[in-house]
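Residue-level structural notes
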Amino acid sequence: MRYHAVKEISMKLLSFGEILFDVFGDTATLGGAPLNVAAHYRQLGGESSIISAVGNDELGERALDEIEDLDVDPSMIEMLDGTPTGRADITLHGKDATYEFNYPAAWDRIRIYDDDIDEIEDGNTIIYFGTLALRSTASFLSLQKLLGETAPAEVFVDINLRKDFYSDDILSYCLDNATILKINDDEIEVLSDMLALEKADGKELSSWLFDNTAVETLLLTRGKKGSNLFIKDEKPIHVDCSNVNVVDTVGAGDSLSAAYLFFRYEKKLSPADALFKATAVADYVVSHKGAIPSYDASLFV
């Protein structure tokens, strides 16, 4: 595997979780939030890898080929016999869409090995995962091993609620292990209700998180209303979206997550400047087709 030359790399991104194809009619597009985040982080100029699994099938072969094209390190992706590559079959209902995930899929059987752990640089790695990857016990246990045997600089958790693939226990585990938590306007309602908070807003949720968990940063995405950033012992930050022609919103939140991490921890920008640049990346993504459109990083760097 060849990598583009990147100067002064100081923080690596390690994603954990699903690799799947979004299938609509005869079209299958590679995705999954952890892969989208790793791909954008790499495209901006950082170094990224992903711990996952695909099936020993046509989609699995295609996934590995496309991940190599994205220049994301595939060395911790396992190809499994007897379990198909993940897919989400999409059905449109007017402007709304429903997703049917195959189960079990290869990413429900993610395994992490001691050799993988040995390759992870403590203090020099950001670990990313979302709630969807925790729907199976096998992958959940692998994540526990990963977090229990490494010392990452940050743990970024995306509260990504899909169908019935989450529970209060899963959400509690995420809160207990995150240092950075990302959530959107819809998901904050669910989490605030679970925590019995009076208001489902970023101010009350962040205050509870800062007092009761290791979370020190809350990133609240609000669609066309932009994003809010709450950081422990600092004033809240808000950044508006630009007025762009929206073509495709798939992957917008993932690009925002990746870009915030890249500019904040790789480029060492202030939180406000990092969120401003991350918003510019997300604006670009929604104005183009697909979750990982190609772009020149110099547009944003």
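Residues numbered from 1 in each chain as written. Predicted model: local features only at pLDDT ≥ 70, side-chain atom pairs only at ≥ 80, totals over all residues. Heavy atoms only, no water.

With respect to the confidence of the model for the chain
Scored by pLDDT, the chain comes out at a mean of 92, with 95% of its residues at no less than 70. Across residues 1-7, confidence stays below pLDDT 50; counting only partners more than four residues off in sequence or on other chains, it has 15 contacts. (pLDDT = per-residue confidence, 0-100. Contact = heavy atoms within 4.5 Å.)

Observations regarding the environment of Asp233
Looking at the element boundaries, Asp233 is found in the loop between β12 (227-231) and β13 (237-239). Taking the C-alpha atoms as reference points, Asp233 and Glu216, separated by 17 residues in sequence, lie 8.8 Å from one another. (Helix = DSSP H or I, 4+ residues; strand = E, 2+ residues; numbered from the N terminus.)

Some remarks on the pattern of salt bridges
Oppositely charged side chains can pair when the atoms bearing their charge come close. Applying the stated rule across the entire model yields 11 salt bridges. Among the salt bridges present, the one from Lys145 reaches Glu149, with a minimum N-O distance of 3.2 Å. For Arg222, the salt bridge is made with Asp185, and the minimal N-O distance between the two is 3.3 Å. Of this pair, Arg222 sits in the loop between β11 (217-221) and β12 while Asp185 sits in helix α6 (residues 185-194), and the two are 37 residues apart along the sequence. (Salt bridge = Lys/Arg side-chain N within 4 Å of Asp/Glu carboxyl O.)

Some words on helix α2 (residues 58-70)
End to end, α2 covers 18 Å across 13 residues, agreeing with the expected 18 Å (1.5 Å per residue, within 8%). For α2, every residue scored as buried is listed here: Leu59, Gly60, Ala63 and Ile67. Viewed along the axis of α2, the buried residues span an arc of 95°, placing them on a single side of the element. Looking at α2, the residues exposed on the side facing more than 90 degrees away from the buried face are Glu58 and Asp69. Tucked inside the fold, the buried residues of α2 contact β2 (20-24), β3 (27-31), α1 (33-44), β4 (47-55) and β5 (77-80). (Expected span 1.5 Å × (residues − 1). Buried < 20%, exposed > 50% of the residue type's maximum accessible area, 1.4 Å probe, protein only. Arc of directions from axis to C-beta.)

Description of unusual backbone geometry
Pro104 follows Tyr103 through a cis peptide bond whose omega is 0°. Position of Pro104 relative to the elements: it lies in the loop between β7 (96-101) and α3 (114-119). Although it is not a glycine, Ala196 sits at a positive phi angle of roughly 60°. Along the chain, Ala196 falls in the loop between α6 and α7 (202-212). Taking the relative accessible area as the measure of exposure, Ala196 reaches 67% and is therefore exposed. Backbone geometry places Lys268, a non-glycine residue, at a positive phi of 60°. Mapped onto the elements of the fold, Lys268 is located in the loop between α8 (252-266) and α9 (271-286). A relative accessible area of 53% places Lys268 in the exposed class.

Here we look at the nonpolar core
In this structure, Phe129, Leu146, Leu181 and Leu205 are the most contacted members of the largest nonpolar core, which totals 49 residues. Apart from the residues within four sequence positions on either side, Phe129 is in contact with Phe16, Leu134, Leu143, Leu147, Val155, Phe156, Val157, Asp158, Tyr173 and Cys174. Judged by nonpolar contacts, the second largest core, of 32 residues, contains Leu13, Phe263, Tyr265 and Val285. (Core = buried A, V, L, I, M, F, W, Y, C linked by side-chain atoms within 4.5 Å.)

Concerning the sheet that holds strand β10 (residues 180-184)
Spatially, 9 strands are ordered β5-β4-β1-β8-β9-β10-β11-β12-β13 in an open sheet, and the strand pairing comes out mixed. The open sheet has two edge strands, β5 and β13, and neither has a second partner. Along the sheet, successive strands turn relative to each other by an average axial angle of 15°, direction set aside. The strands touched by α6 are β10 and β11; relative to β10, the strand with the most contacts, the crossing angle is about 110°. (Pairing = 2+ DSSP bridges. Axes fitted to C-alpha atoms, helices over the stretch in contact; angles between N-to-C directions.)

With respect to the side chain of Asn36
Locating Asn36 in the fold gives a position in helix α1. Here Asn36 falls in the buried class, since its relative accessible area comes to 4%. Within polar-contact distance, the side chain of Asn36 engages the side chain of Asp254 at 2.9 Å. Excluding its chain neighbours within four sequence positions, the residues that come into contact with Asn36 are Gly31, Gly251, Asp254, Ala291 and Ile292. (Polar contact = N/O pair within 3.5 Å; in protein donor to acceptor, adjacent residues only side chain to side chain.)

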